[in-house]
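Listed below are the residues making up each chain.
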Amino acid sequence: MLVAVLLAAPAVRAEEALTNERRQARALFTNITGLAVSIDDPRIVKMESFLKDDKVHEAIKIATSDKAFFDIRINNIAKGMSNRDETVQVKLNDFAATFIGVARDGLDARTLLTGNFFYRTNVDQTDTHVSPWGPGSAGSTHYAQVESRHYSPFETLVKVSPIIVGQTVVEGATTLADKDAAGVLTNYAFMSNHANDGTNRRVIEYTFREFMCVEMTDWSDATRPDDWVGRDVDRFAGGDNSHYQSSCKSCHAQMDGFRGAFAFFSFQKAFATTEPMVQGKYARNATIFTNGYKTADDSFVNYATGKVNADRFGWRSDSMKGNGPNAFGNMIANSKGFSRCLSRRFFTSICKRKPSTSEEAIVRSIATKFESTYKLTDLAEIIATNAACFPAGE
Amino acid sequence: MGPIKLKRTYLKSLLLTASLALVNHACTGQLEAPSTATEMPSSAPYIDTGDSIVPVVATTTSKIASSEEILPSMAALVGLKLPSEGTYSAFNNAYRPLLSEDGAADSVNPPMMMSVLNLSGYVCNDLISQEKALASADRQFFIDWDFKKGTATLSPNVISASVHKLARSAWSRNETPDENKLISDAALSITGTKVNDTIGAAIMICTSVLASLDANKR
């Protein structure tokens, strides 16, 4: 049931008249930051003043520079992307913290998938040691304390480089090389959710799900070459090859082509192992089809280049193959699909609705403008000034 | 005093919140649309009723405060510096799981509304504790309330003024005379000689405002 709501006409007392600009300012601030404040809040009064002078960007900047924008809006978007259940009701984690930090510090959003860093709070303010990867910390205690002690992530996050992994709690003892770092993809939250057990295909599935906004069935394509499909995929289920050709191959041809990028990664218990050798999970059920692809290193190939997917993802990489997570992250982050997906997520969050299919051109336009700086605060401002988000007069 | 002990006050707040939903709130003048989606299309000027196209007034997408927005928002709307640990604990353990993750309009259900009401009670309790510690002139909402005495010290004007300040802050508009009277009369009906009775009246008007649709719609 659609609930259509008319804004109630206010009863105005002459001595406390509320202007349209004041109401608009309050609505803008609340929708951008996620925080409802009094209509007499100084921030709203200041925004009202800018709106009266037709300085819309200046007004919006008050919202996008407020700590609530980062602690609530950005935090909400990131948390929902950080776990397998895609729920926002999780404790703060390194995925969300890094997202907030990148937004706050005006870093290029592509570093979310290419950077060799993460964000944590100032060590003096929490008990647990800073390493989110150390056994015993379970990766979450440090960040949980940010929330349990009511610290503002905006105020307390600091950047740490490079990313720490390994079986030690000593800061800096075991770190990722740049070629192995893919921002939040190689941080604790993402690895613990998607590189635990399994065959690392979920890492690829959820990379596309969270950063390209496509479910596996959306980008399946049975026309792609299957020379990279693993040995654990049955080509003759029930003695019939047609099911493989029409169904299994449509996902595996592309997914298996990518998964080699994480061949050296596996999340076990409370830590990840990165070794210059292919993890055992890549040889799981290798006898099902022995002529299938055998992962020998961390190379990968991009087969998501069929006509529909080429337009959907808008690849820009010079090469459609590479080695390691960083090259994989680079390929994703520099695609048009990445900026379009972030645009969709921010649009949905700020405008309180998903863009309709007829608004695809608007999404692509927003994404193109976003790519001029790749700053997440700029993305919020581009969206907030778009008439599709806030129609004139609202 | 914990709000969970004030059962009679809560029942009154619940009835009052429901009443407020029908008076000058979103439910009046509501237009039906055939879509099953919670989002409005960017332009939806007409309803197809079969034989004729009926032009309707353009409406805006509305949602409600999500689970991650509601507590900081409630606190900000009443100028609460920091909710108490009891409030955080109740929110995280009891209410957060029942609140909407995305604030979609069709996610509203009875357990959620009860959670909103109960949460507002905790926030209001914290607000009253914060204001009690201040001199009357330094308070934001409960000016001239004597929290050391029974309700006999409360005048209709004092209550009405508090309702106005809370409503304007939480609803982003001034309340109508009917709304003010509805809430004030409910608070005035709480009479007693004990300090808890005065606190009960304060919680009554605070939760009636803070738990209402206008405070939580987006």
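Residues numbered from 1 in each chain as written. Chains lettered and ligands numbered in written order. Predicted model: local features only at pLDDT ≥ 70, side-chain atom pairs only at ≥ 80, totals over all residues. Heavy atoms only, no water.

1. Overview of the overall build of chain B
Helix and strand counts for chain B come out as 8 helices and 2 strands. The N-to-C order of helical and strand elements in chain B reads α-β-β-α-α-α-α-α-α-α. Buried residues in chain B amount to 51% of all 218 residues. Accessible area for chain B stands at about 9700 Å²; split by element, carbon and sulfur atoms hold 58% of it. (Helix = DSSP H or I, 4+ residues; strand = E, 2+ residues; numbered from the N terminus. Buried < 20%, exposed > 50% of the residue type's maximum accessible area, 1.4 Å probe, protein only. Areas by Shrake-Rupley, 256 points an atom, 1.4 Å probe, with all protein chains shown as cover.)

2. Quick look at the pairing of strand S1 (residues 118–121) of chain A
All names here are of chain A. Residues Phe118 and Arg120 point to one face of S1 and Tyr119 and Thr121 to the other, with burial holding for every one of them. Looking at chain direction, S1 and strand S2 (residues 157–160) are connected through 4 bridges and run antiparallel. Note on S2: the bridge partner recorded for Thr121 is Leu157. (Pairing = 2+ DSSP bridges.)

3. Notes on the nonpolar core
Formed by 97 residues in total, the largest nonpolar core has its most connected members in Phe99, Phe208, Phe211, Phe258, Phe262, Phe328 and Phe346 of chain A. Looking at this core, the element that brings in the most residues is helix H4 (residues 67–81) of chain A, giving 8 residues. When neighbours within four sequence positions are excluded, Phe211 of chain A is seen to be in contact with Met81, Phe95, Phe99, Leu113, Val184, Leu185, Tyr206, Ile332, Gly337, Phe338 and Cys341 of chain A. Counting 51 residues, the second largest nonpolar core, distinct from the first, contains Ala36 of chain A together with Ala75, Ile159 and Leu210 of chain B. (Core = buried A, V, L, I, M, F, W, Y, C linked by side-chain atoms within 4.5 Å. Contact = heavy atoms within 4.5 Å.)

4. A word on the pattern of salt bridges
Applying the stated criterion across every chain, the model contains 30 salt bridges over all chains. Residue Arg22 of chain A is joined to Asp40 of chain A by a salt bridge in which the shortest nitrogen-to-oxygen separation is 2.9 Å. With Arg22 of chain A in helix H1 (residues 20–33) and Asp40 of chain A in the loop between H1 and helix H2 (42–52), this residue pair connects regions lying 18 residues apart in the sequence. Judged by its relative accessible area of 13%, Arg22 of chain A falls in the buried class. Note that Arg173 of chain B and Asp214 of chain B form a salt bridge whose closest N and O atoms lie 2.9 Å from each other. Residue Arg173 of chain B is located in the loop between helix H5 (156–171) and helix H6 (177–188), and its partner Asp214 of chain B is located in helix H8 (residues 213–216); the two are separated by 41 residues in the primary sequence. Note on Arg173 of chain B: relative accessible area 4%, which makes it buried. With a relative accessible area of 6%, Asp214 of chain B lands in the buried category. Linked by salt bridges that have partners in common, Arg22, Asp40, Glu48 and Lys52 of chain A together with Arg168 of chain B make up one network. (Salt bridge = Lys/Arg side-chain N within 4 Å of Asp/Glu carboxyl O.)

5. A few points about helix H16 (residues 376–384) of chain A
Of all the 9 residues making up H16 of chain A, 9 are buried; the element is thus mostly covered by neighbouring parts of the structure. In this structure, the buried side of H16 of chain A is in contact with H1, helix H3 (56–64), H4, helix H5 (94–104), helix H14 (336–351) and helix H15 (360–370) of chain A.

6. Quick look at the confidence of the model for chain A
Put simply, chain A has an average pLDDT of 87, and 86% of its residues get 70 or more. Predicted confidence for residues 1–15 of chain A stays below pLDDT 50, and this span has 40 contacts to residues more than four positions away or in other chains. (pLDDT = per-residue confidence, 0-100.)

7. Quick notes on H3 of chain A
Listed in full, the buried residues belonging to H3 of chain A are Ala59, Ile60, Ile62, Ala63 and Thr64 of chain A. On the buried face of H3 of chain A, the contacting elements are H1, H2, H4 and H16 of chain A.

8. Quick word on unusual backbone geometry
Residues and elements named next belong to chain A. Residue Ser161 is joined to Pro162 through a cis peptide bond whose omega torsion reads -5 degrees. Looking at the element boundaries, Pro162 is found in the loop between S2 and helix H9 (188–194). Look at Asp197: it is not a glycine, yet its phi comes out positive at around 50 degrees. Summarising the element assignment, Asp197 is placed in the loop between H9 and helix H10 (201–211). Relative accessible area serves as the criterion here: at 59%, Asp197 is assigned to the exposed category.

9. Observations regarding empty space enclosed by the protein
Residue and element names in this part refer to chain B. One pass over the full model with this rule turns up 1 cavity of 30 Å³ or more. Looking at the largest cavity, its volume works out to about 90 Å³. Along the walls of the largest cavity sit Ile64, Ala65, Ile70, Leu99, Ser100, Met112, Met113, Val116, Ala211, Ser212, Leu213 and Asn216, which together make up its complete lining. Contributing elements (two or more residues each) for the lining of the largest cavity: helix H4 (110–132) and H8. Here the lining of the largest cavity takes 3 residues from H4, the largest share from any one element. A breakdown of the residues in the lining of the largest cavity according to their chemical character gives 9 nonpolar, 3 polar and no charged. (1 Å grid on protein atoms, 1.4 Å probe; cavity = no way out; pocket = protein on both sides within 12 Å on 5 of 7 lines; lining within 4 Å. Points joined across faces, edges and corners; volume = space filled by probe spheres on them. Nonpolar A, V, L, I, M, F, W, Y, C, P; charged D, E, K, R; others polar.)

10. Looking at the packing of aromatic side chains
The geometry of two aromatic rings is summed up by the distance between their centres and the angle between their planes. Residues and elements named next belong to chain A. For the coordinates displayed, the defined rule picks out 26 aromatic pairs over all chains. Taking the centre distance of 5.9 Å and the plane angle of 80 degrees together, the rings of Trp219 and Phe313 count as edge-to-face. Taken as a pair, Trp219 in the loop between H10 and helix H11 (242–259) and Phe313 in helix H12 (residues 307–313) lie far apart in primary sequence, 94 residues in all. Each ring, one from Phe262 and one from Phe265, has its centre 6.2 Å from the other, and the planes form 75 degrees; the classification is edge-to-face. When sorted by exposure, Phe262 lands in the same class as Phe265, which is buried. Members of the aromatic cluster, joined through ring pairs, are Phe208, Trp219, Phe258, Phe262, Phe265, Phe300, Phe313, Trp315 and Phe328. Directly above the ring of Tyr374 sits Arg110, whose terminal nitrogen or CZ lies 3.8 Å from the centroid. Against the face of Phe117 rests Lys159, its NZ or CZ located 4.5 Å from the ring centre. (Phe/Tyr/Trp six-rings, centres within 6.5 Å; stacked < 30°, edge-to-face > 60°. Lys NZ or Arg CZ within 6 Å of the ring centre and 35° of its normal.)

11. Quick word on the state of the cysteines
Residues and elements named next belong to chain A. Under the criterion given, the structure shown has 3 disulfides over all chains. Disulfide pairing places Cys351 opposite Cys389 at an S-S distance of 2.0 Å. Every disulfide takes its handedness from the sign of the S-S torsion; for Cys351 and Cys389 that torsion is -115 degrees, giving left-handed. Taken as a pair, Cys351 in helix H14 and Cys389 in the segment after H16 lie far apart in primary sequence, 38 residues in all. Of the two residues, Cys351 and Cys389, both sit in the buried class. Summary of cysteine pairing: Cys248 is not part of a disulfide, and the nearest cysteine sulfur, belonging to Cys251, is at 8.5 Å. (Disulfide = S-S within 2.5 Å.)

12. What to know about the environment of Pro110 of chain B
All names here are of chain B. With respect to the helices and strands, Pro110 occurs in helix H4. Of the residues examined, Pro110 reaches a relative accessible area of 62% and is grouped as exposed. C-alpha of Pro110 to C-alpha of Ser100: the two residues are 10 residues apart in sequence and 12 Å apart in space.

13. Things to note about the packing of H6 of chain B against helix H7 (residues 195–210) of chain B
All names here are of chain B. Axis separation between H6 and H7 bottoms out at 8 Å; the angle between their running directions is 155 degrees. One element, H6, and the other, H7, form an angle in the roughly antiparallel class. With respect to the hand of their crossing, H6 and H7 are arranged in right-handed fashion. Contacts between H6 and H7 involve Ile183, Ala186 and Ala187 from the first element and Ala201, Met204, Ile205, Ser208 and Val209 from the second. (Axes fitted to C-alpha atoms, helices over the stretch in contact; angles between N-to-C directions. Parallel < 35°, antiparallel > 145°, perpendicular 65-115°, else oblique. Left-handed = near helix turned anticlockwise from the far one by under 90°.)

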